[in-house]
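Here is how the chains run, residue by residue.
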Amino acid sequence: MLKRPRRNRKTAAIRGMVRETQLSVENLVQPLFLVSKETSREPVKSLPNTYRLGIRETLKEVEDSLNLGITNFILFPVVPDQYKDKFATYGHHEDNFYLKITAEIKRRFPETCLISDVAMDPYSTDGHDGLVRDGKIINDETLPILAKMAVAQAAAGFDLLGPSDMMDGRVGYMRQALDAAGYTDTGIMAYTAKYASAFYGPFRQALDSAPKAGDKKTYQMDPANQREALIEAALDIEEGADFIMVKPALNYLDVISLLKNNTETPVSAYHVSGECAMLIAAAEKGWIDLDQAVQETLMCLRRAGSDVIITYFTKHYARMMKQGYMPEERKEPKTH
Ligand code: PBG
């Protein structure tokens, strides 16, 4: 045998030299669920170790995360029912607690990168990402609502806005509104290929934002489609997206690498709530080792082409790193 691939796997040092992909906390984004309370820390039942945080706990969480090297956060509001209406007006209301907490985080921790969620569902009595009339989602009438939300979020100090609604034309519409209001430096991380997925369950429970009727299949993509992601990517990039996103992540690794190989725009992967919950559930049963599974999962998302990974394991991974976790022992056994 002239070729023996195992020679390049002989020791940890050699494996380290030929490792093709690097993963660092810099690539990761931590999602946070915010509630309109001075102090609160309610666990999300379907996603262990994730909490709905009050103002005080949010600021503490950001501070603790920064100490672990985490700088990137994506924020979601848990909106009380009495603030919800058909037009999601609370989304751009001046009293909106989500905008106020954001401004406070930015004031105290200017080194953070804060990413928003632009969509009607947390604020809407219908629980849909767009405006509902006669059971239909009305695309073009949703755009001005999203644009108002986007401008209010830019004013609050978000670095990147994350339209997660999948309406046609929303990136360009938002970009124009932002520029007209003077927010030329506020970026857009577009949810480009967001699929109608079974894996958003724990998130909708955390936010209490499930659709009241129907499903999201007329705007979120069909899991059967890959090439269609190229159409969405071309549009988002042409309309001014600074990042494009694939969501969920693990069942869509092919879509991640397709977008990575066909565009020059940075690609984010959203490792969603249901995907994280599955790993935790299996680990709780003692069926897998959570540290190893998290490390492998995030590494594979990088290998597939993700520049950025949004994951509920950001803090878990940062802690593993801080504690000196090594994917493998450096001390080699005497024989191999
Ligand atoms: C809503 C939104 C959803 C997620 C992020 N933004 C849910 C949905 O589309 O129903 C899901 C994230 C997750 O499951 O972790 N616009």
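Since the structure is predicted, the reported quantities are computational estimates derived from the model, not experimental observations.

In this section: the site of the ligand. The environment of the ligand is formed by Asp117, Ala119, Asp121, Asp129, Ser164, Tyr200, Phe203, Arg204, Val272 and Ser273. In terms of residue class, the shell around the ligand is made up of four nonpolar, two polar and four charged.

Moving on, we come to the UniProt feature "active site" (unreviewed entry) in the protein. Per the UniProt annotation, the sites labelled "active site" (unreviewed entry) are Lys194 and Lys247. A stretch of 54 residues holds the annotated residues, and the largest C-alpha distance among them is 4.8 Å, short enough that they meet in one place. Note on placement: Lys194 falls in strand E9 (residues 187-194). If near-sequence neighbours (up to four positions away) are discounted, Lys194 is found in contact with Ser164, Met166, Gln220, Met221 and Lys247.

A few words now on unusual backbone geometry. Omega for the bond connecting Lys247 with Pro248 falls within 30 degrees of zero, at -10°, which places this linkage in the cis form. Considering the arrangement of structural elements, one finds Pro248 in the loop between strand E10 (243-247) and helix H8 (253-262). Positive phi, close to 50°, is recorded for Asp134, a residue that is not glycine. Checked against the element boundaries, Asp134 lands in the loop between strand E6 (131-133) and strand E7 (136-138).

A few words now on the UniProt feature "binding site: Mg(2+)" (unreviewed entry) in the protein. The feature "binding site: Mg(2+)" (unreviewed entry), as given by UniProt, occupies Glu232 in the numbering adopted here. Turning to its location among the elements, Glu232 is positioned in helix H7 (residues 228-238). Residues in contact with Glu232, not counting those within four places in the same chain, are Thr192 and Ala193.

It is worth spelling out the pairing of strand E11 (residues 267-271) at this point. Within E11, five of the five residues are buried, which leaves the element mostly enclosed by the surrounding structure. Alternating positions in E11 separate into two faces, Val267, Ala269 and His271 on one and Ser268 and Tyr270 on the other, with burial throughout. With three bridges connecting them, E10 and E11 associate as parallel partners. Bridging across to E11, Val246 finds its partner in Ala269. Of the strand pairs in this sheet, E11 and strand E12 (residues 308-311) are connected by four bridges, and their pairing is parallel. By the bridge assignment for E12, Ala269 is matched with Ile309.

The next point concerns the packing of helix H2 (residues 55-67) against helix H3 (residues 97-108). Two elements in contact, H2 and H3, have axes whose closest approach is 11 Å; the angle formed by their N-to-C orientations is 35°. The way H2 lies across H3 gives a crossing that is right-handed. For the pair H2 and H3, contact is made by Ile55, Thr58, Leu59 and Val62 and by Ile101, Glu104, Ile105 and Arg108, respectively. The class makeup of the residues in the contact of H2 with H3 is five nonpolar, one polar and two charged.

What follows deals with the nonpolar core. Note that soluble globular proteins tend to have their nonpolar side chains buried in a common cluster. Counting residues in hydrophobic clusters, the biggest one holds 97 residues, and the most contacted among them are Leu34, Leu146, Ala150, Met174, Ala190, Val246 and Leu259. For this core, the leading source of residues is helix H4 (residues 139-156), giving 10 residues. With residues near it in sequence (within four places) discarded, Ala150 still touches Val118, Leu161, Met174, Ala177 and Leu178.

Turning to the pairing of E10, a few remarks are in order. The buried count for E10 comes to five of five residues, which makes it a mostly enclosed element. Burial along E10 is two-sided: Phe243, Met245 and Lys247 and Ile244 and Val246, pointing in opposite directions, are all buried. As paired strands, E9 and E10 are joined by five bridges and run parallel to one another. By the bridge assignment, Ala193 is partnered in E10 with Val246. For the crossover that starts at E10, traverses H8 and ends in the parallel E11, the hand is right-handed.

What counts and how
Residues numbered from 1 in each chain as written. Predicted model: local features only at pLDDT ≥ 70, side-chain atom pairs only at ≥ 80, totals over all residues. Near = placed C-beta within 6 Å. Nonpolar A, V, L, I, M, F, W, Y, C, P; charged D, E, K, R; others polar. UniProt positions renumbered as here; feature names shortened; annotations may be inferred. Helix = DSSP H or I, 4+ residues; strand = E, 2+ residues; numbered from the N terminus. Contact = placed C-beta atoms within 7 Å. Buried ≥ 20, exposed ≤ 12 C-beta atoms within 10 Å, placed from the backbone. Pairing = 2+ DSSP bridges. Axes fitted to C-alpha atoms, helices over the stretch in contact; angles between N-to-C directions. Left-handed = near helix turned anticlockwise from the far one by under 90°. Core = buried A, V, L, I, M, F, W, Y, C linked by C-beta atoms within 7 Å. Right-handed = clockwise from strand over helix to strand, strands pointing away.

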